[in-house]
Amino acid sequence: MRFLDVLMDEHRGFGSMLDVLDAIAGRLERGSEVPMPMLVDVLDFFERFTDRHHDREEAMLFPLLAKHGIGPDQTVVSALMSQHEAGRVYGMKMRQELKRLQQGDPAAAAALVADARGYTELIREHIRIEDEYFYKLADRVLTEAEHAAIVEQFSGSPGSRASHPERERYLKMLEVYPAIVAGWRPSA
Ligand SMILES: [Fe+2]
Ligand SMILES: [Fe+2]
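Residues numbered from 1 in each chain as written. Chains lettered and ligands numbered in written order. Predicted model: local features only at pLDDT ≥ 70, side-chain atom pairs only at ≥ 80, totals over all residues. Heavy atoms only, no water.

Participant: Can you lay out the pattern of salt bridges for me, pointing to particular residues and giving the numbers?
Facilitator: According to the stated counting rule, one finds 18 salt bridges in the structure shown. Across the pair Arg169 and Asp41 runs a salt bridge, and its minimum N-O distance is 3.3 Å. Here Arg169 is found in helix H6 (residues 167-182), whereas its partner Asp41 is found in helix H2 (residues 36-67), with 128 residues between them in sequence. You can call Arg169 partly exposed: its relative accessible area is 39%. The buried category is assigned to Asp41, whose relative accessible area is 18%. Between Glu58 and Arg88 there is a salt bridge, and its shortest N-O distance comes to 3.1 Å. With Glu58 in helix H2 and Arg88 in helix H3 (residues 75-102), the pair connects residues that are 30 residues apart, well separated along the chain. According to the relative accessible area criterion, Glu58 is partly exposed, its value standing at 24%. In this structure Arg88 comes out as buried when scored by relative accessible area, which is 16%. If you follow the salt bridges from partner to partner, you end up with Asp19, Asp22, Glu29, Arg117 and Arg124 in one network. (Salt bridge = Lys/Arg side-chain N within 4 Å of Asp/Glu carboxyl O. Helix = DSSP H or I, 4+ residues; strand = E, 2+ residues; numbered from the N terminus. Buried < 20%, exposed > 50% of the residue type's maximum accessible area, 1.4 Å probe, protein only.)

Written out as structure tokens, the structure is:
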């Protein structure tokens, strides 16, 4: 299996969950009720699955590419790393805002909506750059052994086909939550 198939498969999962987060943000914005356990799960998904994907890219993929002359001094690599960091910051802010929301802070919903919108836009653009450009570039320069090493590293991650303690839980979220959101009326 090529590394980009594994990583792009994870991206597809992130994309579905970004749609879920957008739908939740829409309900918060309209003052409609939001299922709190679902919002907790969605933010957990981004922290433990998406952030880990970014961590692995930085620990595995980027150092290998640096050996082939595509290092942090290259604009695309530094832009992708900045997006990872911005994503982590959005995640931390959203988790804090969720706590405030659960404690009844009336200002928390608007702040959470703004950060959710910022986060979904950022990560969609990040995925677009990697899928359409960066992974293809990496696919061309990496050796077969490097491909295999990346696939092995990522195969321990929650969204991969290989076994992982949390895999079932995250796959279940991807099965259930987009379907719930699809059933929400736009004005509800
Ligand atoms: Fe990625
Ligand atoms: Fe990335």
